[in-house]
Amino acid sequence: MLVVADSLCKYYSLGENQVTALDNVSFSIDKGEFVVIKGASGSGKSTLLNILGAMDEPCKGSLAIDGVELNQLNERRRSHLRRDQIGFIFQAFNLIPVLTAVENVVYPLSLSRAKDAKERAMDALDKVGLKAFAAHRPGQLSGGQMQRVAIARAIVTQPNIILADEPTANLDSETSANIMLLMEELNKQSDITFIIATHHDYVMSLASRIIEMKDGRIISDLQRPNTSASQFASDTHENELEVS
């Protein structure tokens, strides 16, 4: 198993009260899965994503990624694990506005001083269909293009896992469908494991597995046949034509 979470708990202090963000959460995820974590705001899905991404630590329980127990790592080794094993896609894109698209994609590679960083960044931009926009800054790109740059930045280190927190929340339906098509292609072609936190039904319809959370707990964990993102994109286009 690529990811093994065992009895994860996370608590926060709020004045004199203790808030439970995660309550005894356990699951495992195999390499190549396309998993959606479903839940309303406050259900614990973003907290779980932060822990899976080694950006936060549980108060109790354990987490192993590719056989490595995270609670046994110091901060330097946790940082290396984030850099080498995990790619991140955020709702707000989180691109550096003064850098070009290719410079934003190069940035994670600069942390490891990769000698072929520029070549790998251009290849990643090519995979997301934005090689021609390499010299553009984020302010010169559409929302969908910025998210594609963010995806290129996530895949450029060739991670085992990509974590995405509401990756289509700021996009229109057609652009969202195209972004999900891209993620689906990367999942199938590169065998990258995707773990996506969302509450959008159409994103869930593409997942091979849905983990539903409520009040910090997993209330269901279902394997399901997924619908192709290309079919969703086609249906979205047909629905827009009917409305017009």
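Thresholds, definitions, all that
Residues numbered from 1 in each chain as written. Predicted model: local features only at pLDDT ≥ 70, side-chain atom pairs only at ≥ 80, totals over all residues. Heavy atoms only, no water. Axes fitted to C-alpha atoms, helices over the stretch in contact; angles between N-to-C directions. Helix = DSSP H or I, 4+ residues; strand = E, 2+ residues; numbered from the N terminus. Parallel < 35°, antiparallel > 145°, perpendicular 65-115°, else oblique. Left-handed = near helix turned anticlockwise from the far one by under 90°. Contact = heavy atoms within 4.5 Å. Nonpolar A, V, L, I, M, F, W, Y, C, P; charged D, E, K, R; others polar. Phe/Tyr/Trp six-rings, centres within 6.5 Å; stacked < 30°, edge-to-face > 60°. Buried < 20%, exposed > 50% of the residue type's maximum accessible area, 1.4 Å probe, protein only.

Caption draft 1: Quick look at the packing of helix H4 (residues 117–127) against helix H5 (residues 143–155). Remark: H4 packs on H5, axes separated minimally by 9 Å, with the N-to-C direction vectors making an angle of 130°. When the axes of H4 and H5 are compared, the pair comes out oblique. The hand of the H4/H5 crossing is right-handed. Residues Ala124, Leu125 and Lys127 of H4 form the contact with H5, whose participating residues are Val149, Ala152 and Ile155. Classifying every residue of the contact of H4 with H5 gives five nonpolar, no polar and one charged.

Caption draft 2: Looking closely at the packing of helix H3 (residues 101–110) against H4. At a closest axis distance of 9 Å, the pairing of H3 and H4 adopts a crossing angle of 120°. Considering the angle they form, H3 stands oblique to H4. Where H3 crosses over H4, the handedness of that crossing is right-handed. Along the contact surface, H3 presents Ala101, Val102, Val105, Val106 and Leu109, while H4 presents Ala117, Lys118, Arg120, Ala121, Met122, Ala124 and Leu125.

Caption draft 3: How the structure looks around the packing of aromatic side chains. The final tally for this structure, using the stated rule, is two aromatic pairs. Between phenylalanine 34 and phenylalanine 194, the ring centres sit 5.6 Å apart and the planes meet at 35°, which makes this aromatic pair tilted. Of the two residues, phenylalanine 34 is situated in strand E3 (residues 34–38) and phenylalanine 194 in strand E8 (residues 193–198); the sequence distance between them amounts to 160 residues. Judged by relative accessible area, phenylalanine 194 falls into the buried class, the value being 0%. Seen from their ring centres, phenylalanine 88 and phenylalanine 90 are 6.1 Å apart, and the 10° between their planes marks the pair as stacked.

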